[in-house]
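Residue-level structural notes
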Amino acid sequence: MKQLGNLALVCVQRRSILFMVESGEVRVTIRKAPGSPSFYLRWDDDKKIEEVIRELNFGKYRNY
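These lines cover the structure that appears in this document, whether it is placed above or below. Only a predicted model underlies this, so the values are computations on that prediction, with no experimental measurement involved.

Definitions and limits used
Residues numbered from 1 in each chain as written. Predicted model: local features only at pLDDT ≥ 70, side-chain atom pairs only at ≥ 80, totals over all residues. Heavy atoms only, no water. Salt bridge = Lys/Arg side-chain N within 4 Å of Asp/Glu carboxyl O. Buried < 20%, exposed > 50% of the residue type's maximum accessible area, 1.4 Å probe, protein only. Core = buried A, V, L, I, M, F, W, Y, C linked by side-chain atoms within 4.5 Å. Helix = DSSP H or I, 4+ residues; strand = E, 2+ residues; numbered from the N terminus. Contact = heavy atoms within 4.5 Å.

Looking now at the pattern of salt bridges. Here the structure, examined in full by the defined rule, presents one salt bridge. In this structure, the salt-bridge partner of Asp44 is Arg42, at a minimum N-O distance of 3.6 Å. According to the relative accessible area criterion, Asp44 is partly exposed, its value standing at 39%. Overall, Arg42 belongs to the partly exposed group, its relative accessible area being 44%.

In structure tokens:
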């Protein structure tokens, strides 16, 4: 749960990313990327959330 706020901050800085929290799950969709890929995570899975943050900041979605 510690990383959920960090993920939210990364997402709100980019208009092309949709961030949703509902029923204990988080969905992050990169709308301008080909195929609009989405990540589905549990809100308390810090390890997976850190991986998504890394991908958004330094991985193949860093320019979206």
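Now that the structure has been shown, the text picks up again.
The subject of this paragraph is the nonpolar core. If you look at the biggest cluster of nonpolar residues, it comprises 15 residues, and the most contacted ones within it are Leu7, Val28 and Leu56. If you list the elements that add at least two residues to this core, you get α1 (4–12), β2 (25–30) and α2 (46–58). With near-sequence residues (within four places) excluded, Val28 lies in contact with Leu7, Cys11, Ile17, Leu18, Phe19, Pro37, Ser38, Phe39 and Leu56.

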